[in-house]
Amino acid sequence: MQEISSQRDVLANRILPIVEKLFRDNNLYQLKLDKQEMVEMLVNMFGQFTQEEMKAITEDALTRRIRKILTLEAVSGTLNDLTPEQIAIFDAAVEGR
């Protein structure tokens, strides 16, 4: 059990600075996401990779992957914030009306 905990710590120590930088640079993340929740989710997600697989992911590649995940998380709830009128406008735009 100790090894699992330290593996999660290593992962969190690698992910946290990336998440902090991305949050600092993106107002959407700051408005829509909870930084700690996102770190936990990412640690769980990337925790499925072996240590060797994680070591093979460059810092730039990991940053790109995390940015894509955070963006998806941030915009996924956006439609829930719209009024019925705004949803109708959105639906019309998507349908090309």
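Residues numbered from 1 in each chain as written. Predicted model: local features only at pLDDT ≥ 70, side-chain atom pairs only at ≥ 80, totals over all residues. Heavy atoms only, no water.

Q: Help me understand helix α3 (residues 35-46) in this model?
A: Since the α-helix packs 3.6 residues into each turn, any two residues three or four apart lie on the same face. With twelve residues, α3 should cover 16 Å at 1.5 Å per step; its first-to-last C-alpha distance of 16 Å lies within 8% of that length. Two or three places before Gln 36, at the start of α3, stands the capping residue Asp 34, its side-chain oxygen 3.2 Å from that residue's backbone nitrogen. (Helix = DSSP H or I, 4+ residues; strand = E, 2+ residues; numbered from the N terminus. Expected span 1.5 Å × (residues − 1). Polar contact = N/O pair within 3.5 Å; in protein donor to acceptor, adjacent residues only side chain to side chain.)

Q: How should I be thinking about the packing of aromatic side chains in this particular structure?
A: The description of an aromatic ring pair uses the distance of the two centres, along with the angle that the planes make with each other. If you walk through the whole model with that rule in mind, you get two aromatic pairs. Taking 5.9 Å as the distance between ring centres and 50° as the angle between the ring planes, the aromatic pair formed by Phe 23 and Tyr 29 counts as tilted. Here Tyr 29 falls in the buried class, since its relative accessible area comes to 1%. Considering the side-chain rings of Phe 46 and Phe 49, the 6.0 Å spacing of their centres and the 25° angle between planes classify their relative orientation as stacked. With a relative accessible area of 30%, Phe 49 lands in the partly exposed category. (Phe/Tyr/Trp six-rings, centres within 6.5 Å; stacked < 30°, edge-to-face > 60°. Buried < 20%, exposed > 50% of the residue type's maximum accessible area, 1.4 Å probe, protein only.)

Q: Explain the side chain of Thr 63 here, please?
A: With respect to the helices, strands and loops of the structure, Thr 63 is situated in helix α5 (residues 59-76). Taking relative accessible area as the criterion, Thr 63 reaches 18% and is therefore assigned buried. Look past the residues within four positions of Thr 63 in its chain and what remains in contact with it is Ile 18 and Leu 22. (Contact = heavy atoms within 4.5 Å.)

Q: Could you clarify how one ought to interpret the layout of surface pockets in this entry?
A: It is the rolling of a water-molecule-sized probe over the atoms that shows where space remains empty. Volume-wise, the largest pocket comes out at about 180 Å³. Every residue lining the largest pocket is listed: Gln 7, Val 10, Leu 11, Arg 14, Phe 46, Gly 47, Phe 49, Thr 50, Gln 51, Met 54 and Lys 55. With four residues, the top contributor of residues to the lining of the largest pocket is helix α1 (residues 2-25). The residue inventory of the lining of the largest pocket, partitioned by class, reads five nonpolar, four polar and two charged. (1 Å grid on protein atoms, 1.4 Å probe; cavity = no way out; pocket = protein on both sides within 12 Å on 5 of 7 lines; lining within 4 Å. Points joined across faces, edges and corners; volume = space filled by probe spheres on them. Nonpolar A, V, L, I, M, F, W, Y, C, P; charged D, E, K, R; others polar.)

Q: What's the story with a nonpolar patch on the surface in this structure? I'm lost.
A: Together, Leu 79, Phe 90 and Val 94 make up an exposed nonpolar region whose accessible area comes to about 270 Å². Looking at where Leu 79 falls in the secondary structure, it is placed in the loop between α5 and α6 (84-95). (Patch = residues over 30% accessible without salt bridge, like charges linked within 9 Å, V, L, I, M, F, W, Y side chains within 5 Å. Areas by Shrake-Rupley, 256 points an atom, 1.4 Å probe, with all protein chains shown as cover. Salt bridge = Lys/Arg side-chain N within 4 Å of Asp/Glu carboxyl O.)

Q: Is there a simple way to explain the pattern of salt bridges in this structure?
A: Opposite charge on two side chains makes pairing possible when the charged atoms of those side chains draw close. As enumerated under the stated definition, the model contains three salt bridges in all. With a closest N to O distance of 3.7 Å, Glu 40 and Arg 8 form a salt bridge. One end of the pair, Glu 40, is in helix α3; the other, Arg 8, is in helix α1, with 32 residues separating them in the sequence. Classification of Glu 40 by relative accessible area gives partly exposed; the value is 39%. The partner of Arg 14 in a salt bridge is Glu 59, with the nearest N and O atoms 3.3 Å apart. With Arg 14 in helix α1 and Glu 59 in helix α5, this pair connects stretches of sequence that are 45 residues apart.

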